[in-house]
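# Structure at a glance
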Amino acid sequence: MSKDIKIVMTGDRPTGRLHLGHFVGSIQNRVKLQDEAEQSFYMIADLQALTDNANNPEKVSSNVLEVALDNLACGVDPKKTIMFVQSKIPEIAELTVLFLNLVTLARLKRNPTVKDEMRQKGFGENVPAGFLAYPVSQAADILFCKSNLIPVGEDQLPVIEQVNEIVDDFNRFYGKTFDRVKHLVGDTPRLLGIDGNVKMSKSLNNGIYLSDSFEEISKKVMSMYTDPKHIHVKDKGEVKGNVVFSYLDIFDPNKEEVAELKTQYKKGGLGDVIIKKRLIGVLENIIGPIRKKREELAKNPKEVMKILEEGTNQAQKIAQETMVEVRKALKINYF
Ligand code: ATP
Ligand code: MG
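Computed from a predicted structure; not experimentally measured.

Basis of the calculations
- Residues numbered from 1 in each chain as written.
- Chains lettered and ligands numbered in written order.
- Predicted model: local features only at pLDDT ≥ 70, side-chain atom pairs only at ≥ 80, totals over all residues.
- Heavy atoms only, no water.
- Domains from an automatic or database assignment.
- Contact = heavy atoms within 4.5 Å.
- Buried area = accessible area lost by both parts, 1.4 Å probe.
- Salt bridge = Lys/Arg side-chain N within 4 Å of Asp/Glu carboxyl O.
- Polar contact = N/O pair within 3.5 Å; in protein donor to acceptor, adjacent residues only side chain to side chain.
- Axes fitted to C-alpha atoms, helices over the stretch in contact; angles between N-to-C directions.
- Helix = DSSP H or I, 4+ residues; strand = E, 2+ residues; numbered from the N terminus.
- Parallel < 35°, antiparallel > 145°, perpendicular 65-115°, else oblique.
- Left-handed = near helix turned anticlockwise from the far one by under 90°.
- Nonpolar A, V, L, I, M, F, W, Y, C, P; charged D, E, K, R; others polar.
- Near = heavy atom within 4 Å.
- Areas by Shrake-Rupley, 256 points an atom, 1.4 Å probe, with all protein chains shown as cover.
- 1 Å grid on protein atoms, 1.4 Å probe; cavity = no way out; pocket = protein on both sides within 12 Å on 5 of 7 lines; lining within 4 Å.
- Sits in = over half its atoms within 2 Å of the grid points.
- Buried < 20%, exposed > 50% of the residue type's maximum accessible area, 1.4 Å probe, protein only.

So, on to the domain arrangement of the chain. In terms of domain boundaries, the chain breaks down into domain 1 (7-192 + 300-329) and domain 2 (214-295). Tallying the contact residues gives 14 residues for domain 1 and 11 residues for domain 2. When domain 1 packs against domain 2, close to 1,100 Å² is buried across both sides, 71% of that on carbon and sulfur atoms. Per-residue buried area on domain 1 facing domain 2 is highest for L20, A73 and L192; these three make up 49% of the total on that side. Scanning the region where domain 1 abuts domain 2 turns up 2 salt bridges. R294 is the salt-bridge partner of D70, the closest N and O atoms lying 2.6 Å from each other. Run the count over domain 1 and domain 2 and you get 4 residue pairs in polar contact (both at pLDDT 80 or more).

Okay, structure coming up:
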């Protein structure tokens, strides 16, 4: 890793359990980078989750533990990564308020990620102001700890671009305080949903979860879209746009065998059930150990909350130091 990339920051919205999209999009890099970085942070973005769940705070609070369990089960290690909860650090909210002055309404409305998500959620003009402004609060999440490398899925790239605009404006108006940040997308920048949608997403309910049982995985894979014209085993089949093959390409470690299966499928003579059973096995090999570790950790929820509490205390100290510097830069450090 380049020597100026030292501080890694990443997080999840506690809107549901985490799925394979999170695993390949961000979690794998979190686990890898925590050994390489000078410091790693993992944040549970409960305030951000509330921006589109204001009427359902219970959904957000109950998922804090769930996403913590998912990350711990995948190998995020609290000895190496400071794991914390966003709402417990009011300094982040203070920084958000200051950053909001650096961003126009027009720019917020233009953000492609926010636009996509607004369409998906059917907000139209009635979008909550907090939701429209979530990239600004994300800038505060990233910058309060002076992080400079952000492992994210591809859907978040426009948000990172907006963070850098805030960095530039802040430094120009108030003196050099923050560094520009870099993103890091995983090997699979955007995993598609089991329904063939362009993104596996908690909100779209089209995911295979890291806590799914073998039976749930099997049911989901058996329902996957293949090639609608491939009715009989002897029929020629299409590999492109076939969700089962897309997943095999990503998750099956034996690329040669997958290539042979594709050739056979295209020629005809290979049934959907065979490739689906293979995929079930491949996914169980990945999810099985995660599920097992997760079940162990879930027996002690208090211990997990303790990890978050300790991480939050550590992160808050850093936030306080940054805010001293920021208030000084803005000349609002009156007394
Ligand atoms: P929500 O629908 O509530 O926004 P989500 O499924 O988009 O949930 P987030 O908590 O917003 O999940 O995302 C956490 C991280 O996982 C982000 O870095 C995001 O880019 C990444 N991520 C989410 N879904 C995918 C996916 N299908 N492929 C790759 N990365 C993903
Ligand atoms: Mg999201």
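Anyway, onward from the coordinates.
Take the packing of helix α11 (residues 243-251) against helix α12 (residues 255-267) next. Where α11 meets α12, the closest approach of the two axes is 9 Å, and the angle between their N-to-C directions is 160°. Between α11 and α12, the angle is such that the two are roughly antiparallel. Taken as a pair, α11 and α12 cross one another with a handedness that is left-handed. Each of F245, L248, D249 and I250 in α11 lies in contact with α12, whose residues at this interface are K255, V258, L261, K262 and Y265. In the contact of α11 with α12, the residues fall into 6 nonpolar, no polar and 3 charged.

As a matter of local geometry, ligand 1 sits amid 20 residues, with T15, D155, K199, K202 and S203 nearest to it. Contact distances for ligand 1 include 3.3 Å between an oxygen atom and a side-chain N or O atom of H19. Protein contacts shield 96% of the accessible area of ligand 1, which totals 600 Å² for the unbound molecule. One can see that ligand 1 is located within the largest pocket. Counting residues per element, the ones that place at least two in the shell around ligand 1 are β1 (7-12) and α1 (20-33). Of all the elements, α1 adds the most residues to the shell around ligand 1, at 3 residues.

Before going further, it helps to spend a moment on the pattern of salt bridges. Considering all chains together, one arrives at 21 salt bridges under this definition. With a closest N to O distance of 2.9 Å, E325 and K146 form a salt bridge. Taken together, the positions of E325 in helix α14 (residues 301-329) and K146 in the loop between α8 (134-143) and β4 (149-152) put the pair 179 residues apart, joining distant regions of the chain. Judged by its relative accessible area of 30%, K146 falls in the partly exposed class. Linking K220 and D212 is a salt bridge whose minimum nitrogen-to-oxygen distance equals 2.7 Å. The class for D212 is buried, based on a relative accessible area of 5%. Here the salt bridges do not stand alone but share partners, grouping R17, E66, D70 and R294 into one network.

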